[in-house]
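What follows is each chain in one-letter form.
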Amino acid sequence: MQCSFILPSFNRRQVLLRTLDELGRCGLPAEEFEIFVVDNASSDGAAQAVAHRFPHVRLLALSQNLGPCARNMALPHCRGNLIMFLDDDSWPLGDSMSRLGQIFADNPTLAAAVFRVVLPDGTQECSAYPDVFIGCGTAFRRQALLETGGLPDDFFMQAEEYDLSLRLLDRGWRIVRFPQLSVRHLKTPMARFSRRLTRLDVRNNILLAHRYFPPSHRQLLLREWLLRYYRMAQVKGHFPAFYTGLAQGFAKCVSEPPNRPVNQSAFEQFAKFEQTQKLFAQAAARWGWRRVALLDWGKNIAAYRLAAQCAGVRVGMVIDQFLGGEGVFYRGIPVLTDAMARPLCTRSNVDAVIVANLSPVHAEARADQWRNFTPLPVLWLERQ
């Protein structure tokens, strides 16, 4: 058995059935893969339809909704050397599955091969951090996944990938994105409740920092992340959800015993503070920067702000199309929309526009976009 596919699902009968049809054409012989559907107490007849149309699929019908973390329920039953996480609306494309075995054989410390995730409109999605997997398209080495303990049972959804990724990195495993491996993700809007996502984002990221971040960075990153989530809640009109998540997260921290943070090497591999500082200092010295604009108010903007501070470079503005606006500030720095920032990005105001984003997909897209907006250098430091 080469691969075990795990798909959690809740009340998305039709899209689940389509995904199972697509998985039957995944490129592997039938005897080399197995499929687990973990049904989160669906009320739309999904479990019955799967049992009827796909009798070879291993169906685990739960009595309550455990969210995406329900994947854990299938782990003890998996026989594959590789275990692949999918959503109920994502499936591998082309010859991706036939490549996996050799990729893991060539990389003995590889825990997770992250697929390129292609949306119906041709755009892509991925995690905000390059060393964090994405749940709709990642293949795991069975040994690494089982010894690390799977997804956090108490997260339901949101940040569960971060939790498991940090534990894998802490044990010396690697998480790598392979652009030659692809999945299609329909990103079906059904059952995506934005206020619940806001609450769980805040709650679970508080727990993430409490459990795994070293004391030297725990308070810094937690404050930075909560400031960003506060602004996101303001834009969406989700203040009640934000404050509920805040209360739930800190209450859970108080009730938990002290946790051991990940080792410093694992944290740096995740957050890349030292790498960002080094790359920023080299670029600032090379081009003589005095003042720059940061492009995107992402989860990792703190690393770029501190890198600029260490290099003696002033950050004149942050540019964020979604979070920017009149009277919006990040640490005293104005946060502007693209339209507001474009006329201000001149050589008299800033020396360069720096992409403050580690996401391999979004950083590259934003850099390309802004190279059409300004004659200034637009740099993604990780690709210089």
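What you are looking at is a predicted structure, and each value in this text was computed from that prediction instead of being measured. (Residues numbered from 1 in each chain as written. Predicted model: local features only at pLDDT ≥ 70, side-chain atom pairs only at ≥ 80, totals over all residues. Heavy atoms only, no water.)

Draft legend 1. Seen up close, the overall build of the protein chain. Within the protein chain, the regular secondary structure consists of 13 helices and 15 strands. In summary, the protein chain has a C-alpha radius of gyration of 22 Å against a globular reference of 21 Å for 384 residues, a match within 12%. C-alpha extents for the protein chain along the principal axes are approximately 65 × 45 × 40 Å. In the protein chain, which comprises 384 residues, the proportion classed as buried is 58%. In the protein chain, the proportion of contacts linking residues at least 24 apart, taken out of those at least 6 apart, comes to 76%. Roughly 16,200 Å² of accessible area belongs to the protein chain as shown, and the carbon and sulfur atoms make up 52% of that amount. Charge separation in the protein chain, taken as the distance between the mean sites of 45 positive and 35 negative side-chain charges, equals 4 Å. (Helix = DSSP H or I, 4+ residues; strand = E, 2+ residues; numbered from the N terminus. Rg over C-alpha atoms; globule rule 2.2 N^0.38 Å. Buried < 20%, exposed > 50% of the residue type's maximum accessible area, 1.4 Å probe, protein only. Contact = heavy atoms within 4.5 Å. Areas by Shrake-Rupley, 256 points an atom, 1.4 Å probe, with all protein chains shown as cover. Lys, Arg positive; Asp, Glu negative; His and termini not counted. Charge placed at Lys NZ, Arg CZ, Asp CG, Glu CD.)

Draft legend 2. Representation of the nonpolar core within the structure. Core analysis: the largest hydrophobic core is formed by 117 residues, its most contacted members being Phe5, Leu20, Phe213, Phe270, Phe280, Trp289 and Ile354. Of all the elements, helix H7 (residues 215-236) adds the most residues to this core, at 8 residues. Setting aside chain neighbours within four positions, we find Phe270 in contact with Tyr129, Val132, Tyr162, Leu166, Leu169, Phe213 and Trp225. The next biggest cluster of nonpolar side chains, apart from the first, holds 16 residues, and it includes Met317, Ala341, Val350 and Val355. (Core = buried A, V, L, I, M, F, W, Y, C linked by side-chain atoms within 4.5 Å.)

Draft legend 3. The pattern of salt bridges, seen in detail. By the definition in use, this model includes 23 salt bridges. The partner of Lys272 in a salt bridge is Asp131, with the nearest N and O atoms 2.4 Å apart. You can see Lys272 sitting in the loop between helix H9 (264-271) and helix H10 (273-287) and its partner Asp131 sitting in the loop between strand S7 (124-125) and strand S8 (137-141), a full 141 residues away along the chain. Summarising the burial analysis for this pair, Lys272 and Asp131 share the class buried. Taken together, the salt bridges that share partners define one network made up of Asp154, Asp163, Arg167, Arg211, Lys252 and Glu256. (Salt bridge = Lys/Arg side-chain N within 4 Å of Asp/Glu carboxyl O.)

Draft legend 4. View of helix H3 (residues 96-106). Looking at H3, one finds that the buried residues are Ser96, Met97, Leu100, Ile103 and Phe104. Projection of H3 onto a plane perpendicular to its axis shows the buried side chains occupying an angular sector of 95 degrees, all on one side. Residues of H3 that are exposed and point over 90 degrees away from its buried face: Ala105 and Asp106. Along its buried surface, H3 packs onto strand S1 (3-9), strand S4 (82-86), strand S5 (90-92), strand S6 (110-118), S8 and strand S9 (174-185). (Arc of directions from axis to C-beta.)

Draft legend 5. Inspection of the packing of aromatic side chains at higher detail. With the rule as written, the count across this model stands at 20 aromatic pairs. When the ring centre of Tyr162 is taken as origin, the NZ or CZ atom of Lys299, which lies over that ring, is 4.3 Å away. Directly above the aromatic system of Trp225 lies the positively charged group of Lys299, at a separation of 4.0 Å from the ring centroid. (Phe/Tyr/Trp six-rings, centres within 6.5 Å; stacked < 30°, edge-to-face > 60°. Lys NZ or Arg CZ within 6 Å of the ring centre and 35° of its normal.)

Draft legend 6. Representation of the environment of Ala144. Along the chain, Ala144 turns up in helix H4 (residues 142-148). In contact with Ala144, not counting residues within four places along its chain, are Ala111, Leu168 and Trp173.

Draft legend 7. Spotlight on the state of the cysteines. Under the defined criterion, the tally for this structure stands at 0 disulfides. Cys69 forms no disulfide, and the closest cysteine sulfur to it belongs to Cys136, at a distance of 15 Å. (Disulfide = S-S within 2.5 Å.)

Draft legend 8. A look at the packing of helix H1 (residues 13-23) against helix H2 (residues 46-53). Taken N-terminus to C-terminus, the directions of H1 and H2 make an angle of 25 degrees; their axes are 9 Å apart at the nearest point. Our classification of the angle between H1 and H2 gives roughly parallel. Read as a crossing pair, H1 and H2 show a hand that is right-handed. Contacts between H1 and H2 involve Arg13, Leu16, Leu17, Leu20 and Asp21 from the first element and Ala46, Ala49, Val50 and Arg53 from the second. Its residues placed into classes, the contact of H1 with H2 shows 6 nonpolar, no polar and 3 charged. (Axes fitted to C-alpha atoms, helices over the stretch in contact; angles between N-to-C directions. Parallel < 35°, antiparallel > 145°, perpendicular 65-115°, else oblique. Left-handed = near helix turned anticlockwise from the far one by under 90°. Nonpolar A, V, L, I, M, F, W, Y, C, P; charged D, E, K, R; others polar.)

Honestly, it's all geometry; don't read function into it.
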